[in-house]
Amino acid sequence: MPLHGEYEPSATSWVRDQVAQYEATDGAEGGTFQDLPVIILTTKGVKSGKIRKMPLMRIEHHGSYAVAASNGGAHTHPSWYKNVLAHPLVEIQDRAVKQDMTARELHGEEKAQWWKRADAAYPDFVDYRAGTDRNIPLFILEPVTDEH
């Protein structure tokens, strides 16, 4: 794992608890949200420099993943959004598999294609986008290679 530093669990109890369950059981517990699969996204805090973890909906296609900065449809970006922008080297855990990934924000047609995949993985994303004036960011996470 290329992310080094002190892990600071979320101040939000459900996030903290779900991450702990997921990591302790490789996703056997804490591995879903509304009966749909999730991954754990690990980032480096832009302000604190501490390691942060968040369960997010699993949106996978040919070894790449997308993460939606939906914040449950809120009018503000989730806290992890700025972390990923500032430090695009992240880690995901998909069940027992941990992978180093490089994140980049999607735009245009590529974003539209990934939204189709995201909506299929978690249909509530449609309502989240409809319920806010915010353009919800979508990132693709691609495996780190020697070229990254």
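Presented here is a report on the structure given in the accompanying data block.

So, how was this worked out
- Residues numbered from 1 in each chain as written.
- Predicted model: local features only at pLDDT ≥ 70, side-chain atom pairs only at ≥ 80, totals over all residues.
- Heavy atoms only, no water.
- Helix = DSSP H or I, 4+ residues; strand = E, 2+ residues; numbered from the N terminus.
- Rg over C-alpha atoms; globule rule 2.2 N^0.38 Å.
- Buried < 20%, exposed > 50% of the residue type's maximum accessible area, 1.4 Å probe, protein only.
- Contact = heavy atoms within 4.5 Å.
- Areas by Shrake-Rupley, 256 points an atom, 1.4 Å probe, with all protein chains shown as cover.
- Lys, Arg positive; Asp, Glu negative; His and termini not counted.
- Charge placed at Lys NZ, Arg CZ, Asp CG, Glu CD.
- Pairing = 2+ DSSP bridges.

**Regarding the overall build of the chain**
Consideration 1: A tally of helices and strands in the chain yields four helices and eight strands.
Consideration 2: Ordered by position from N to C terminus, the α and β elements of the chain give α-β-β-β-β-β-α-β-β-α-α-β.
Consideration 3: At 14 Å, the chain has a C-alpha radius of gyration in line with the 15 Å of a compact globule built from 148 residues.
Consideration 4: C-alpha extents for the chain along the principal axes are approximately 35 × 35 × 30 Å.
Consideration 5: Across the 148 residues that make up the chain, the buried fraction comes to 40%.
Consideration 6: Expressed as a percentage of contacts within the chain between residues at least 6 apart in sequence, the contacts between residues at least 24 apart total 67%.
Consideration 7: On the chain, roughly 7800 Å² of surface is accessible, and the fraction owed to carbon and sulfur atoms is 50%.
Consideration 8: Positive and negative side-chain charges in the chain, numbering 16 and 21 respectively, have mean positions lying 5 Å apart.

**With respect to the pairing of strand β6 (residues 89–94)**
The two faces of a sheet get side chains in turn, since along a regular strand they alternate between them.
Consideration 1: Extensive coverage of β6 is indicated by the burial of five of its six residues.
Consideration 2: Across three bridges, strand β2 (residues 36–44) lies against β6 in antiparallel orientation. When the sheet's bridge partners are listed, T42 is paired in β6 with E91.
Consideration 3: With six bridges connecting them, β6 and strand β7 (residues 97–105) associate as antiparallel partners. Opposite Q93, over in β7, you have K98 as the bridge partner.
Consideration 4: The turn linking β6 back onto β7 is made up of two residues, and R95 within it adopts a positive phi angle of 60°.

Geometric descriptors of this kind do not, in isolation, establish any biological role.
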